[in-house]
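# Architecture at a glance
Okay, here's what each chain looks like letter by letter:
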Amino acid sequence: MNEQRFEELWDRAEAENYAKKLASEYPTWRTSRRRTMGMVAGVALLIVVAIPTLMPQKAVDTVYAKVYCNRTGMDDQHWIDLADELLLG
């Protein structure tokens, strides 16, 4: 047996031992991985549900469907503010 053949056999033996070790540890790793991914999914779901409920809602003070006025002495700025509220509010 020459040195090259010895190195090949040595590498193969090391690889087999390493493969057996990985194969024996795989079920534990898979269980841990599934548990971790489940927790990540749970936290993500919690965030998706919690954010809309915790965000402040825009309060609507007054909703105008129509505006009637029989006063002639109203200031023009009042009507500008009212139109702004109707159109952009």
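Above this note sits the structure.
Residues numbered from 1 in each chain as written. Predicted model: local features only at pLDDT ≥ 70, side-chain atom pairs only at ≥ 80, totals over all residues. Heavy atoms only, no water.

### Concerning the overall build of the chain
What the chain contains, in helices and strands, is 2 helices and 0 strands. Per-residue burial over the chain gives 1% buried out of 89 residues. (Helix = DSSP H or I, 4+ residues; strand = E, 2+ residues; numbered from the N terminus. Buried < 20%, exposed > 50% of the residue type's maximum accessible area, 1.4 Å probe, protein only.)

### Some details on a nonpolar patch on the surface
Where nonpolar side chains cluster on the molecular surface, the patch consists of Met1, Phe6, Leu9 and Trp10 and spans about 470 Å² of accessible area. With respect to the helices, strands and loops of the structure, Met1 is situated in the segment before helix H1 (3-54). The class for Met1 is exposed, based on a relative accessible area of 77%. (Patch = residues over 30% accessible without salt bridge, like charges linked within 9 Å, V, L, I, M, F, W, Y side chains within 5 Å. Areas by Shrake-Rupley, 256 points an atom, 1.4 Å probe, with all protein chains shown as cover. Salt bridge = Lys/Arg side-chain N within 4 Å of Asp/Glu carboxyl O.)

### Digging into a negative patch on the surface
A cluster of acidic residues, Asp75, Asp76, Asp81, Asp84 and Glu85, forms a negative patch at the surface. The topology assignment puts Asp76 in helix H2 (residues 76-88). Using a relative accessible area of 57% as the deciding quantity, one classes Asp76 as exposed. (Lys, Arg positive; Asp, Glu negative; His and termini not counted. Charge placed at Lys NZ, Arg CZ, Asp CG, Glu CD.)

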